[in-house]
Amino acid sequence: MTLIDYSGKIACTVFTVGCNFRCPFCHNPELVDQARFNVGGIIEEKVFFDFLKSRQDLLGGVCVTGGEPTLHSELPDFLKQIKNLGFSVKLDTNGTAPEKLEILIKDGLVDYIAMDIKNCFTDIYEKTVGVKIDLEKIKKSVKIIMASGLEYEFRTTVVPGLHTEADILDIALEICGAKKYYLQQFRSGGKILNQEYRSLKPYPAEFLRELREKIKGSFEICEVRE
Ligand code: SF4
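My aim in this report is to walk through the structure given alongside it, one point at a time.

Remarks on the pattern of salt bridges
Opposite charge on two side chains permits them to pair, given that their charged atoms come into close proximity.
(1) Moving on: Throughout the structure, instances matching the rule amount to 21 salt bridges.
(2) Moving on: As a salt-bridge pair, K46 and D50 come within 2.6 Å of each other at their nearest N and O atoms. Taken as a pair, K46 and D50 lie in helix α2 (residues 45-54) at a separation of four residues, close to a single helical turn.
(3) Moving on: For K180, the salt bridge is made with E151, and the minimal N-O distance between the two is 3.4 Å. Taken together, the positions of K180 in strand β6 (residues 180-185) and E151 in strand β5 (residues 151-158) put the pair 29 residues apart, joining distant regions of the chain.

Here it is as C-alpha cells:
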C-alpha cells in the first residue's frame with residue numbers, strides 16, 4: 001500500500017520486470033538486470049488480482065511501474081483487468097514507447113501518467129540512461145502526455161556528475177507549460193545498478209530548492225522530492 005505513489009489516492013504498486021534503460025543510479029536493479037541481481041519471486045497474475053479483489057473497498061488506485069511497463073505486450077490487457085475492477089491506474093514510464101502510450105490513452109486504460117525526463121534532450125541523455133536511444137520518441141511521448149487531458153507528471157532524479165544546473169534549466173524549457181514537474185533527490189547506498197553510485201554524495205537539498213525557484217514559473221506545480 002502507498003499513500004505517496006498515486007497523488008490523492010490510497011493505492012498499491014505493482015512492479016513489472018525488465019527495462020530498456022540502464023540508468024546507473026537505478027534503485028530497482030533486480031527489475032533491470034536479472035543476470036546480476038536476484039528478482040526473487042514473481043507474483044502470479046491470479047494472486048495479484050485476488051489481492052486486488054480483496055482490497056476493492058480499501059484502495060482507489062494501482063500504480064504500475066517497473067522496470068518499464070510498456071515493454072510488455074500484455075500491458076493493455078493487464079490494465080483493462082485492473083480498470084474492470086474499478087481501480088484508477090497510474091502508469092510510470094520512461095517514455096520510449098509513444099505509440100503504445102497513445103493507444104493506452106485512447107483506449108482509456110490509464111488515468112495518470114508519470115514520465116521520467118532523464119535529462120535535457122542532448123547527447124547527455126544517453127549517458128544518463130546508459131544505452132543508445134531515439135530522443136525523438138522521448139519528445140513525442142512528452143507531447144502526447146501533455147495533450148492527453150489526463151493527470152500527469154514529469155520528474156527528474158538529479159544526480160551529481162549527470163546533471164548540472166544548466167541541464168535542469170534546459171529541461172524546464174523543453175517541457176515548459178507542463179502541469180507538474182518534480183525534482184527528485186538522488187539517493188546513494190542500498191541496491192543500485194552501478195555500484196560506483198553507492199558512494200556518490202547527493203547534491204545538497206538547498207541546491208535542488210534553488211533550482212526549483214529558478215524554474216517553477218514554467219509549471220503549474222513544481223516541487224522538490226527529497
Ligand atoms: S531508473 Fe532507469 S533503469 Fe531503472 S527502472 Fe527506471 S528507467 Fe529503468
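From this point on, the discussion continues.
Thoughts on the pairing of strand β2 (residues 61-65)
(1) Moving on: Taken across its five residues, β2 has five buried, putting it largely inside the fold.
(2) Moving on: Burial along β2 is two-sided: the residues G61, C63 and T65 and V62 and V64 are all buried.
(3) Moving on: The pairing of β2 with strand β3 (residues 88-93) spans four bridges and is parallel. Bridged to V62 within β3 is V89.

A word on the sheet that holds strand β4 (residues 112-116)
(1) Moving on: Spatially, seven strands are ordered β1-β2-β3-β4-β5-β6-β7 in an open sheet, and the strand pairing comes out parallel. Edge positions in the sheet fall to β1 (11-15) and β7 (221-225), since each has one partner strand and no second. In this sheet, neighbouring strand axes are inclined to one another by 20 degrees on average, regardless of whether the strands run parallel or antiparallel.
(2) Moving on: With five bridges joining them, β1 and β2 adopt parallel strand pairing. In the sheet register, V14 faces β2, and the bridge partner there is V64.

Digging into helix α6 (residues 135-146)
Given 3.6 residues to a turn, an α-helix orients residues that are three or four positions apart in the same direction.
(1) Moving on: Taking 1.5 Å of rise per residue, the twelve residues of α6 would be expected to cover 16 Å, and the 17 Å separating its terminal C-alpha atoms lies within 8% of that figure.
(2) Moving on: Where α6 is concerned, the buried positions are L135, I138, S141, V142, I144 and I145.
(3) Moving on: Regarding α6, its N-cap is D134, as a side-chain oxygen of that residue lies 3.0 Å from the backbone nitrogen of E136 further along.

Points about the packing of aromatic side chains
(1) Moving on: With the rule as written, the count across this model stands at nine aromatic pairs.
(2) Moving on: Between F121 and Y125 the ring centres are 5.9 Å apart and the planes differ by 45 degrees, which places this aromatic pair in the tilted class. Each member of the pair, F121 as well as Y125, is classed as buried.
(3) Moving on: Here the aromatic residues F48, F49 and F78 are joined through ring pairs into a cluster of three or more.
(4) Moving on: Seen from the ring of Y6, K9 lies directly overhead, with NZ or CZ sitting 5.8 Å from the centre.

Some points on the site of the ligand
(1) Moving on: All residues adjacent to the ligand are C19, F21, C23, C26, V32, G67, N94 and K118.
(2) Moving on: Its atoms largely coinciding with the cavity grid, the ligand occupies the largest pocket.
(3) Moving on: For the shell around the ligand, a count of residues per class yields five nonpolar, two polar and one charged.

The rules behind the values
All residue numbers refer to positions counted from 1 along the written sequence of the respective chain. Given that the model is predicted, a residue must reach a pLDDT of at least 70 before its local features are reported, and side-chain atom pairs must reach 80 or more before they are shown or counted; all residues, however, enter totals for whole chains, interfaces and linings. Water and hydrogen atoms were dropped before computing side-chain values, which therefore reflect all heavy atoms in the structure. Should a side-chain nitrogen of Lys or Arg be within 4 Å of a carboxyl oxygen of Asp or Glu, the pair is scored as a salt bridge. Secondary structure follows DSSP: runs of H or I at least 4 residues long count as helices, runs of E at least 2 residues long count as strands, and numbering of each begins at the N terminus. For every residue, the accessible area (1.4 Å probe, protein chains only) is compared with the maximum for its type, and the residue is labelled buried under 20%, exposed over 50%, or partly exposed between those bounds. Here, a strand pair is defined by DSSP locating no fewer than two bridges between the strands. Interaxial angles span 0 to 180 degrees and are taken between N-to-C directions of axes, which are lines fitted to C-alpha atoms, for helices over the stretch in contact. The span one expects for a helix is its residue count, reduced by one, times 1.5 Å. Residues adjacent in sequence count toward polar contacts only when both atoms are side-chain atoms; beyond that, a polar contact is any pair of N or O atoms within 3.5 Å, and within protein one must be able to donate a hydrogen and the other to accept it. Paired rings are identified among Phe, Tyr and Trp, the last through its six-membered ring, by centres lying within 6.5 Å, and are further divided according to the angle between planes into stacked (under 30 degrees), edge-to-face (over 60) and tilted (the rest). Note on geometry: a ring has a charge over it if NZ (lysine) or CZ (arginine) is within 6 Å of the ring centre and within 35 degrees of the ring normal. Any residue with a heavy atom positioned within 4 Å of a molecule or strand is treated as near that molecule or strand. Grid spacing is 1 Å over the protein atoms alone, the probe is 1.4 Å, and a cavity is where that probe fits but cannot get out, while a pocket is an open set with protein on both sides within 12 Å along at least five of seven lines and lining residues have an atom within 4 Å of a point. Those molecules having more than half of their atoms within 2 Å of a cavity or pocket grid point set are described as sitting in that cavity or pocket. Throughout this entry, Asp, Glu, Lys and Arg are counted as charged residues, while Ala, Val, Leu, Ile, Met, Phe, Trp, Tyr, Cys and Pro are counted as nonpolar. The remaining residues, Gly among them, count as polar.

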